[in-house]
Amino acid sequence: MANSAQSDSTRLAAYVVDKLAEHVTDVVLSPGSRNSPLAYALLARRDIRVHVRIDERSAAFTALGLARVQHRHVGVVMTSGTAVANTYPAVIEAHMSHTPLAIVSADRPERLVGTGASQTIWQQGIFGRYAATQQVIQVGDAVSFDADQVHINVAFDTPLVPEALPEPAGTPRRVGPGRLRPSEGRGAADTGPAGAVDHGEVEVDLTKNTLVIAGDEAWEVPGLEHVPTIAEPTAPTPFHQVHPLAARFFTQDEVAISHGGGDFAASTKPDQVIVVGHPTLHRDVMALLADNTIEVIGITRTGTVTGNPDRVGSRVKASGQPTDTWLKICEAAGDVGAETVRKALEDEAFGFTGLHAAAAVCDTLAVGDTFVLGSSNPVRDASLLGMPFDGVSTYSARGAAGIDGTLSQAVGVALATQSLHPDEIRAPRTVALVGDLTFLHDTGGLLIGPDQPRPGNLTIVVANDNGGGIFESLEVGAESVRDNFEQAFGTPHDADIESIAAGFGAAYRRVESIGELTAALLDGVDKPEPVVVIEAATTRATRRALSERLKK
């Protein structure tokens, strides 16, 4: 009888892993007892690379980072109980960013649910609208990967451990990425997200003054190649790129502009704004979309439609071309925005801020690099500094836009990127720029066992202003409510970043200026450390004043 039960759990695990192998090349596994049949089946596969992470939250975000690059499902396998719940933040981000992710959870038999059995919770339907549960209790039960976010809940009965290790299965394979995102470089094949939604075609007259806003998940839309574009860092690099600070010009009916040695008054408000993808970063940009005197056209290939556009489509039928006058206006406005940032960076009164740190990082990026941006100030700072750049693959968690699991995602992105270039002598360079709170929020993402696949060239720059620098420039940082700021929003921590890096076996550097940070970044190009943490000791004391300077 025992042999029969043992055979049932082993066969069920092998069946589920066979299904996984049809869709995934990588699985992140967390240790546990109830998922041991899955662990044995996975480690017997020669066609699945297994990464082990102690913490299920880090495991799920590492898988999300891998999936952002691979554009296919990456599996996360864990035991029962709260282990499953720990993957919830990553599932939400995957859903909101339309990134494929497969959660494979082990469960107790249904007769034990609700009885107080150890590590037993209600796992069916745990992810709600973010991932439907597929309950698997026997070989032959349906296992589908049709959705971007998959939850496969496998009920195992005891005994869980086979009498002997399973025989090796599968054939080693070398595979490239799945569906490519356009942010990976001009000319990359782009077939859209796996669960694409076709909203049809919209007609657009480009002789009208037209501005494109390209957010996360944007792509190069045929017909809009020569339209002035404000692009977020994870969007493709536009031909006529307009600085985001210029959005203030476009909200006004007429402004005075100096350009080409002359001054002139111009009508700068566009007749129509075309939104591609999912923009989230800049308030002035979002204010354009709320202006009821401007027609807003939403272009999306998912179920996410930003704002409340007048028309929605997935393709454009364009007629006419932008006028020379409109192109000059947009160029002049963009130049003013870029010059404003440059002059602010040169003003020594602001000291060494997170924006200065971002400038050093952006200035040292090269074609072929991969860039990961934290979702707080870093992604906004990179935008102010002219991102996106051609030839630099850029990733940021803009689905739910949280700081959750950023280091784990950076590790996953680095691992997936270098696996695409297995024959190169040196692993491709991945640089992550994060704030100190984002770093501390996910230090566990640096915990990689000695026998696990490891990044070979990952640099993590921590802009450490000892607290919540992003809040300095928001309403909560105003002088009238400043007395409670440090306790509720500034949240200083005095954390020892060097000791944290050393504890996880990462190399460490500390810098205190743009010059020092630039030198530290360039020093590691020829002989990179596998993982290096560069702490940029920045200030947030001037961040509100700097923000006001940029607005003016």
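This structure is a prediction, so every number in the text was calculated from the model and none was measured.

What counts and what doesn't
Residues numbered from 1 in each chain as written. Predicted model: local features only at pLDDT ≥ 70, side-chain atom pairs only at ≥ 80, totals over all residues. Heavy atoms only, no water. Pairing = 2+ DSSP bridges. Helix = DSSP H or I, 4+ residues; strand = E, 2+ residues; numbered from the N terminus. Axes fitted to C-alpha atoms, helices over the stretch in contact; angles between N-to-C directions. Core = buried A, V, L, I, M, F, W, Y, C linked by side-chain atoms within 4.5 Å. Buried < 20%, exposed > 50% of the residue type's maximum accessible area, 1.4 Å probe, protein only. Contact = heavy atoms within 4.5 Å. UniProt positions renumbered as here; feature names shortened; annotations may be inferred. Polar contact = N/O pair within 3.5 Å; in protein donor to acceptor, adjacent residues only side chain to side chain. Phe/Tyr/Trp six-rings, centres within 6.5 Å; stacked < 30°, edge-to-face > 60°. Domains from an automatic or database assignment. Buried area = accessible area lost by both parts, 1.4 Å probe. Salt bridge = Lys/Arg side-chain N within 4 Å of Asp/Glu carboxyl O.

J.: It is not clear to me how the sheet that holds strand β9 (residues 229–231) should be interpreted in this structure. Could you clarify?
T.: Strand order in this open sheet of five strands is β9-β8-β12-β13-β14, and the pairing throughout is parallel. Pairing within the sheet leaves two strands with one partner each, and these edge strands are β9 and β14 (311–313). Between one strand and the next, the sheet's axes are offset by a mean angle of 20 degrees, whatever the strand orientation. Across three bridges, the pairing between strand β13 (residues 295–299) and β14 is parallel. Residue pairing for β14: G298 is matched across the bridge by V312.

J.: Is there a simple way to explain the nonpolar core in this structure?
T.: Side chains of nonpolar character tend, in soluble globular proteins, to be buried together. Counting 45 residues, the largest nonpolar core has V76, L101, I103, F127, F439, I460 and V533 as its most contacted members. The element contributing the most residues to this core is helix α3 (residues 56–70), with eight residues. Residues in contact with V533, not counting those within four places in the same chain, are F439, I460, V462, I497, A501, A506, A507, Y508 and R509. Counting residues in hydrophobic clusters, the runner-up holds 37 residues, among them L245, L345, A463 and L517.

J.: Just to check I follow, could you spell out the pairing of strand β21 (residues 531–537) for this structure?
T.: The side chains of a regular strand alternate between both faces of the sheet. In terms of burial, β21 is largely enclosed, as six of its seven residues are buried. Sheet topology note: the strand β19 (residues 458–464)/β21 ladder contains seven bridges and is parallel. Its bridge partner being in β21, T459 is matched across the sheet by V532. Bridging between strand β20 (residues 507–511) and β21 involves five bridges; their strand directions are parallel. Considered in β21, the bridge of A507 is made with V532.

J.: Help me understand the UniProt feature "domain: Thiamine pyrophosphate enzyme TPP-binding" (unreviewed entry) in the chain, please; the structure alone is not making it clear to me.
T.: The positions that UniProt labels "domain: Thiamine pyrophosphate enzyme TPP-binding" (unreviewed entry) are, in the present scheme, residues 405–533. Secondary structure across residues 405–533 divides into 36% helix and 16% strand, with the first and last C-alpha atoms of the span separated by 16 Å.

J.: What should I look at first to understand the side chain of T300 in this one?
T.: For T300, the location among the structural elements is in the loop between β13 and β14. Of note is the side chain of T300, whose polar atom sits 3.1 Å from the backbone nitrogen of T302. A distance of 2.9 Å separates a polar side-chain atom of T300 from the backbone oxygen of T304.

J.: Just checking my understanding: could you explain the sheet that holds strand β17 (residues 393–396) for this structure?
T.: Neighbouring strands of a sheet are bound in pairs by backbone hydrogen bonds; such pairs are parallel or else antiparallel. Spatially, β17-β16-β18-β19-β21-β20 is the arrangement adopted by the six strands of the open sheet, whose pairing is parallel. Edge positions in the sheet fall to β17 and β20, since each has one partner strand and no second. The average angle at which neighbouring strand axes cross in this sheet is 20 degrees, direction not considered.

J.: Explain the packing of aromatic side chains here, please?
T.: What characterises a pair of aromatic rings is the spacing of the ring centres plus the angle enclosed by the ring planes. In this structure the tally under the stated criterion is five aromatic pairs. Measuring from centroid to centroid gives 5.3 Å for Y88 and F127, while their planes differ by 90 degrees, and the two rings are edge-to-face. Separated by 39 residues along the polypeptide, Y88 in helix α5 (residues 88–97) and F127 in the loop between β4 (101–107) and β5 (133–136) bring together distant segments of the chain. Among the residues examined, F127 registers a relative accessible area of 0% and is labelled buried.

J.: Looking at this structure, how should I read the domain arrangement of the chain?
T.: Interfaces are often sized by the accessible area lost when the parts come together. Taken domain by domain, the chain comprises domain 1 (8–155), domain 2 (201–337) and domain 3 (347–551). In this structure, domain 2 and domain 3 have C-alpha centres spaced 29 Å apart. Taken together, the 19 residues of domain 2 in the interface contact 20 residues of domain 3. Both faces considered, domain 2 and domain 3 share a buried interface measuring about 1,600 Å² in area, 54% of it formed by carbon and sulfur atoms. On the domain 2 side of the contact with domain 3, P233, T237 and L281 bury the most area, a combined 33% of that side's loss. R283 is paired through a salt bridge with E475; the nearest N and O atoms lie 2.6 Å apart. Between domain 2 and domain 3 we count eight residue pairs in polar contact (both at pLDDT 80 or more) in total.

J.: Could you clarify how one ought to interpret the environment of F352 in this entry?
T.: Mapped onto the secondary structure, F352 falls in the loop between α8 (324–346) and α9 (354–363). Note on F352: relative accessible area 10%, which makes it buried. Each C-alpha atom, one on F352 and one on V17, is 51 Å from the other, the two residues being 335 residues apart in sequence. The residues touching F352, leaving out its near neighbours within four places in the chain, are A357, V511, E512, S513, I514, L517, A536, A537, T538 and T539.

J.: Looking at this structure, how should I read the UniProt feature "domain: Thiamine pyrophosphate enzyme N-terminal TPP-binding" (unreviewed entry) in the chain?
T.: When the UniProt feature table is mapped to this numbering, "domain: Thiamine pyrophosphate enzyme N-terminal TPP-binding" (unreviewed entry) covers residues 11–121. End C-alpha to end C-alpha, residues 11–121 measures 24 Å, and it is 43% helix and 17% strand.

J.: Which parts of the structure should I look at to understand the pattern of salt bridges?
T.: If charged atoms from side chains of opposite charge come close, those side chains can pair. Counted by the stated rule, this structure contains 23 salt bridges. In this structure, the salt-bridge partner of E472 is R540, at a minimum N-O distance of 2.7 Å. Placement of the pair is E472 in the loop between β19 and α13 (485–490) and R540 in the loop between β21 and α16 (543–551), with a sequence separation of 68 residues. Under the relative-accessibility criterion, R540 is labelled buried at 9%. Residues participating in the shared-partner salt-bridge network are E472, R482, E486 and R540.

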